[in-house]
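What follows is the residue order along each chain.
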Amino acid sequence: MSENIEAGSRSGGDIEAGSRSGGDIEAWWSRALFYQVYPRSFYDSNGDGFGDLDGVTAKMGYIASLGVDAIWLNPVMVSPMADNGYDVADPRDVDPLFGGIGALDRLTDAAHAAGIKVTMDLVPNHTSSAHPWFQAALAAGPGSDARERYIFRDGVGPGGTQPPNNWVSIFGGPAWSRIDEADGNPGQWYLHLFDAEQPDLNWDNPEVFEDLEKTLRFWLERGIDGFRIDVAHGMAKPPGLPDMAAIKAEVLLADIDDDPRFNNDGVHDIHRQIRQVFDDYANAVAIGEVWVYDNEQFAQYLRPDELHLAFNFRLLRAEFDAEDIRGAIENSLTAAHIADATPSWTLANHDVDRAPTRYGGGDAGLDRAKAMTMAMLALPGAVFIYNGEELGLPNVDLPDEALRDPVWERSGHTRRGRDASRIPVPWDGDAPPFGFSDNPDTWLPLPADWAALTVEKQDDDPASALAFYRRAIELRCRRGEFEGSTIEWLDSPADTIAFRRDGGLVCVLNAGTRAIALPDGDVLLASAELIDGELPPDAAAWLV
Ligand code: GLC
């Protein structure tokens, strides 16, 4: 017996998503598998200890062997690297650390020759404090046009010694820093929702969009296939910059509480402006980083004149628990369905703990990550996989002195930051840096106990995580059973989930503690060996 659910409302009908008419369903990205490349950690081609774009090009054969449709490159624009490139000083050039713009052209050519699209990261909420605009704003003084490109305010209290409001930075500490004016005296404050070296732009100033449009066209004309838009629920600030009612220091997520820093109504006009530029480039995709919890509000970002895709982080935030996983899937499908848009799924990125670690670590953590991957790949829509996920890499505990994430300093050493999931990819050999670089002094150290996790070791091992990811991706790409835009929930034992795609694929995931019988059908793939035909705990299976 099966239970039909419409858009998560449990009221009959299938859950449907991505059926918008007008051609989106045909778009290349509508069921694409994106591979996120964190360039400084991928492969170092010049021995400086940092990965670079020629390194990505050198490994294009590997990327193609995964069967991915597109790459998403984390920021490579010119940057002092206070936040690993999310502090952009020149948005229309590539940083020399990554090999300059010629290296990006080489990468794009190689990717396109392999049939792989290239998307870049775009950072519209803020610039680097080294950006010429910010430097001009510092020099020009209070009340100047140059200051109007950012959010400068006088301080409050005697002598203006207190910040203009109580907002806190996502990285820790106040979201305001005070500058010294040209005369050397302390003067105005400027807003930075992230690091002090990432001043927020003033999106009420039309010059800000005009410049972003130049940036978009610059890269799209050069053959880039789209952008992942950083903090896409940021940018617009509320009039009067009211205080936060509750201080939520570390939270990028706009949830049911009002947080004046994010998800303000004005953000949708900004997305409409951005979308108009994209519409001049038939196949370009705009993917938003949208940390918004409410389904209706999330769906607003996916209206036909806003973003094509938006990361829904519910699945990533779900525990390895059947009810939680099912709720995350239902809500993500519902949110996409409200806008008649395509859902996007992810279990990992450069900002969060690696999935095997989140699910408990060790063998069980990896087993669960593989099971979750099968659930994710079985769903309709676009999927994002983060480099190293296919190797089953866990987080790495780094010593204090190795930490590079600005979160560590800004939080007064109370939060270790995100370095643990940004460790370079281990390619080959038996000792660090495992072929990532010729230079033993890599920007983050690789742990010695990754010897068994290298690409070289996993490449020919049919039991490896890599072989599993390749097989799963290939099946998702090749088999007709993965088609369609709906899922139907099937009855299944407690602590498990089971659903059927309209194309016919059945996915079963066991988050319980006992093996379970599988429904009728041929097993296409299982993330763990079946026990007497039954699916063990911490595993998933696909049946047709
Ligand atoms: C996004 C990025 C994160 C960065 C922040 C500020 O959340 O994913 O890495 O630190 O924006 O740009």
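This is a predicted model, so every value here is computed, not measured.

With that settled, the discussion passes to the pairing of strand S3 (residues 33-37). Across the five residues of S3, five count as buried, placing the element largely inside the fold. Judged by which residues are buried, S3 turns out to be covered on both faces: Leu33, Tyr35 and Val37 on one side and Phe34 and Gln36 on the other are all buried. Sheet analysis places S3 next to strand S15 (residues 382-386), joined by four bridges and oriented parallel. Across the sheet, the residue bridging to Gln36 is Tyr386, located in S15.

Once the domains are mapped, the protein chain shows domain 1 (22-125 + 206-470) and domain 2 (132-191). Counting from both sides, the interface comprises 26 residues of domain 1 and, opposite them, 17 residues of domain 2. Across the interface of domain 1 and domain 2, roughly 1,800 Å² is buried in total on both sides, 62% from carbon and sulfur atoms. Together, Glu207, Leu241 and Arg410 form the three largest contributors to the area buried by domain 1 at its contact with domain 2, with a combined 34%. At the boundary of domain 1 with domain 2, the tally comes to one salt bridge. Across the domain 1-domain 2 interface, the total number found is nine residue pairs in polar contact (both at pLDDT 80 or more). Elements with a minimum of two residues in the side of domain 1 that touches domain 2: helix H5 (206-221) and helix H12 (406-410). Here the residues of the side of domain 1 that touches domain 2 are counted per class, giving 14 nonpolar, one polar and 11 charged.

Another point: the site of the ligand. Taken together, 15 residues are adjacent to the ligand, and Asp83, Asp230, Glu289, His350 and Asp351 come closest. The contact in question runs from an oxygen atom of the ligand to an N or O atom on the side chain of Asp83, over 2.6 Å. At a separation of 3.0 Å, an oxygen atom of the ligand approaches a polar side-chain atom of His126. Isolated, the ligand exposes 310 Å² of accessible area, and the fraction of that covered by the protein chains is 99%. Residue composition of the shell around the ligand, by class: five nonpolar, three polar and seven charged.

Before going further, it helps to examine helix H4 (residues 132-140). Listed as buried for H4 are Trp133, Phe134 and Ala137. Mapping the buried residues of H4 onto a view down its axis gives an arc of 95°, with all of them on the same face. Along H4, the residues that are exposed and aim more than 90 degrees away from the buried face are Pro132 and Ala139. Those residues of H4 that are buried lie in contact with strand S8 (152-153), strand S10 (186-191) and H5. At the exit of H4 stands Gly141, carrying a positive phi of roughly 90°.

The rules we used
Residues numbered from 1 in each chain as written. Predicted model: local features only at pLDDT ≥ 70, side-chain atom pairs only at ≥ 80, totals over all residues. Heavy atoms only, no water. Buried < 20%, exposed > 50% of the residue type's maximum accessible area, 1.4 Å probe, protein only. Helix = DSSP H or I, 4+ residues; strand = E, 2+ residues; numbered from the N terminus. Pairing = 2+ DSSP bridges. Domains from an automatic or database assignment. Contact = heavy atoms within 4.5 Å. Buried area = accessible area lost by both parts, 1.4 Å probe. Salt bridge = Lys/Arg side-chain N within 4 Å of Asp/Glu carboxyl O. Polar contact = N/O pair within 3.5 Å; in protein donor to acceptor, adjacent residues only side chain to side chain. Nonpolar A, V, L, I, M, F, W, Y, C, P; charged D, E, K, R; others polar. Near = heavy atom within 4 Å. Areas by Shrake-Rupley, 256 points an atom, 1.4 Å probe, with all protein chains shown as cover. Arc of directions from axis to C-beta.

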